Amino acid sequence: MINNKLTGMGVALITPFKDDDSVDYDALARLVEHLLKNQADYIVVCGTTAETPTLTNEERDEVTRFVINCVAGRCPIVLGVGGNNTRAVTERLMYEDFTGVDAILSVTPYYNKPSQEGIYQHYAAIAKASPVPVVLYNVPGRTGVNMTAETTIRLARDFANICAVKEASGNFTQIDDIIKNKPADFMVISGDDGITFPLITLGAVGVISVIGNAFPREFGRMVRLALAGDYDNARLIHHHFTELFQLLFVEGNPAGVKSMLAVMGFIKNRLRLPLVPNTIKTYEKIRRVLDELNVSIK
């Protein structure tokens, strides 16, 4: 059942690059093993954090197949399949091979700024075309358009295979409205590490996490404690990460988490243009906080 697969901490997987800008598959394999060893509940491939807009179609497909083969059925996989051209998205869903993919994550159409009816019809077409369950993704800070609670609930009620929403609007009133009025089996997933703890207390089922790339065991434990109702201990872990949450996004995503992973020795600190690595000042702040955090959470 898809609800069981997407509860807890999913990790929005980064794409590591070599100095020549090619995909670093050795580092990618190490990172996948790190996530599996440290109890990530599922992995999201080719999402925003993966710098997917900078990958060629061939690289995107190769990264997807590589991760599926590395995981080898040990955890569910969610694949980012979205865009602002509805026809192109639905054709991809109809003709590509989704073997090994448990669900897709599809972002609201960006740049076009569709109306709420346009957003509804976009996702209706995706739901009809998709061979796997669909997770809606609302992130107005990136797309320029907010999918309202009313539209989300309408989609959840009208299409059985629209199973969840990754909510990254940061609007607690909106997210609480979805949780209050959604169908019973429709899941609300946090799209923001920093507010995951309070959203779980409201009824969210977990998070698709950026910081989970670096701290899957520790952040996953916070999520599991919160889901079990142990809010006191979950809150302690949440507060340990507070400063790191801020540093994650001060110069954009995934620059922050790539700095963390570089400090930890997993990857080279490389991004593809138009994204660039953190400044030295932010990088050193991250190094300092990581040193402190490694002591405090042991």
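Residues numbered from 1 in each chain as written. Predicted model: local features only at pLDDT ≥ 70, side-chain atom pairs only at ≥ 80, totals over all residues. Heavy atoms only, no water.

Draft legend 1. Geometry of helix α13 (residues 255-263). Counting buried positions along α13 gives 8 out of 9 residues, so the element sits mostly inside the fold. Of the residues making up α13, those classed as buried are Ala255, Gly256, Val257, Lys258, Ser259, Met260, Leu261 and Ala262. Once α13 ends, the next one or two residues include Gly265, with phi positive near 90 degrees. (Buried < 20%, exposed > 50% of the residue type's maximum accessible area, 1.4 Å probe, protein only. Helix = DSSP H or I, 4+ residues; strand = E, 2+ residues; numbered from the N terminus.)

Draft legend 2. Summary view of the nonpolar core. Within the largest apolar cluster, 86 residues are counted, with the highest numbers of intra-cluster contacts made by Val67, Leu136, Ile211, Phe219, Phe241 and Leu244. Those residues in contact with Ile211 that lie beyond four places of it in its chain are Asp193, Phe219, Phe241, Leu244, Phe245, Leu248 and Met260. (Core = buried A, V, L, I, M, F, W, Y, C linked by side-chain atoms within 4.5 Å. Contact = heavy atoms within 4.5 Å.)

Draft legend 3. Geometry of the pattern of salt bridges. Applying the stated criterion across every chain yields a total of 15 salt bridges. Note that Arg288 is salt-bridged to Glu243, the shortest N-O span being 3.0 Å. Highlighted residues: Arg288 in helix α14 (residues 280-296) and Glu243 in helix α12 (residues 242-249), separated in sequence by 45 residues. Owing to a relative accessible area of 37%, Arg288 belongs among the partly exposed residues under this scheme. Each of Arg60, Asp61, Arg92 and Glu96 takes part in a single network of salt bridges with overlapping partners. (Salt bridge = Lys/Arg side-chain N within 4 Å of Asp/Glu carboxyl O.)

Draft legend 4. Layout of the state of the cysteines. Inspection of the entire model under this criterion finds 0 disulfides. Note on Cys70: no disulfide assigned, nearest cysteine sulfur contributed by Cys75 at a separation of 11 Å. Its relative accessible area of 9% is what places Cys75 among the buried residues. (Disulfide = S-S within 2.5 Å.)

Draft legend 5. Spotlight on the packing of aromatic side chains. All chains considered together, the criterion is met by 7 aromatic pairs. When the centroid spacing of 5.8 Å and the interplanar angle of 85 degrees are considered together, the rings of Phe219 and Phe241 count as edge-to-face. Separated by 22 residues along the polypeptide, Phe219 in helix α10 (residues 216-227) and Phe241 in the loop between α11 (231-240) and α12 bring together distant segments of the chain. Considered together, Phe219 and Phe241 belong to a single accessibility category, that of buried residues. Connected via pairs of aromatic rings, a cluster forms that spans Phe215, Phe219, Phe241 and Phe245. (Phe/Tyr/Trp six-rings, centres within 6.5 Å; stacked < 30°, edge-to-face > 60°.)

Draft legend 6. Highlighting the environment of Val210. Mapped onto the fold, Val210 is located in the loop between β8 (206-209) and α10. With 199 residues separating them along the chain, Val210 and Val11 place their C-alpha atoms 6.2 Å apart. In this structure, Val210 is in contact with Thr49, Asp193, Leu248, Phe249, Asn253 and Val257, ignoring residues within four places of it in sequence.

Draft legend 7. Quick peek at the pairing of strand β1 (residues 8-12). Burial within β1 is extensive, with 5 of its 5 residues counted as buried. Summarising the sheet, β1 and β8 pair through 4 bridges and their orientation is parallel. When the sheet's bridge partners are listed, Met9 is paired in β8 with Val207. Direction of pairing for β1 relative to strand β2 (residues 42-45): parallel, over a ladder of 3 bridges. Note on β2: the bridge partner recorded for Ala12 is Val44. Assessed by its sense of winding, the connection that carries the chain from β1 through helix α2 (residues 25-37) to β2 is right-handed. (Pairing = 2+ DSSP bridges. Right-handed = clockwise from strand over helix to strand, strands pointing away.)

Draft legend 8. Local environment of the side chain of His238. Mapped onto the fold, His238 is located in helix α11. Beyond its immediate stretch of four places on either side in the chain, His238 contacts Gly194, Phe197, Met222 and Phe245.

Draft legend 9. How the structure looks around the environment of Ile200. Along the polypeptide, Ile200 turns up in helix α9 (residues 196-202). In the structure, Ile200 is positioned 82 residues away from Gly118 in sequence and 30 Å away in space, judged by C-alpha atoms. When neighbours within four sequence positions are excluded, Ile200 is seen to be in contact with Gly206, Val223, Ala226 and Leu227.

Draft legend 10. Expanded view of the packing of α12 against α13. For the pair α12 and α13, interaxial distance at closest approach is 6 Å and the crossing angle is 115 degrees. Between α12 and α13, the residues in contact are Leu244, Leu247 and Leu248 and Gly256, Val257 and Met260, respectively. Residues that form the contact of α12 with α13 fall into these classes: 5 nonpolar, 1 polar and no charged. (Axes fitted to C-alpha atoms, helices over the stretch in contact; angles between N-to-C directions. Nonpolar A, V, L, I, M, F, W, Y, C, P; charged D, E, K, R; others polar.)

Structural measurements only, silent on function.
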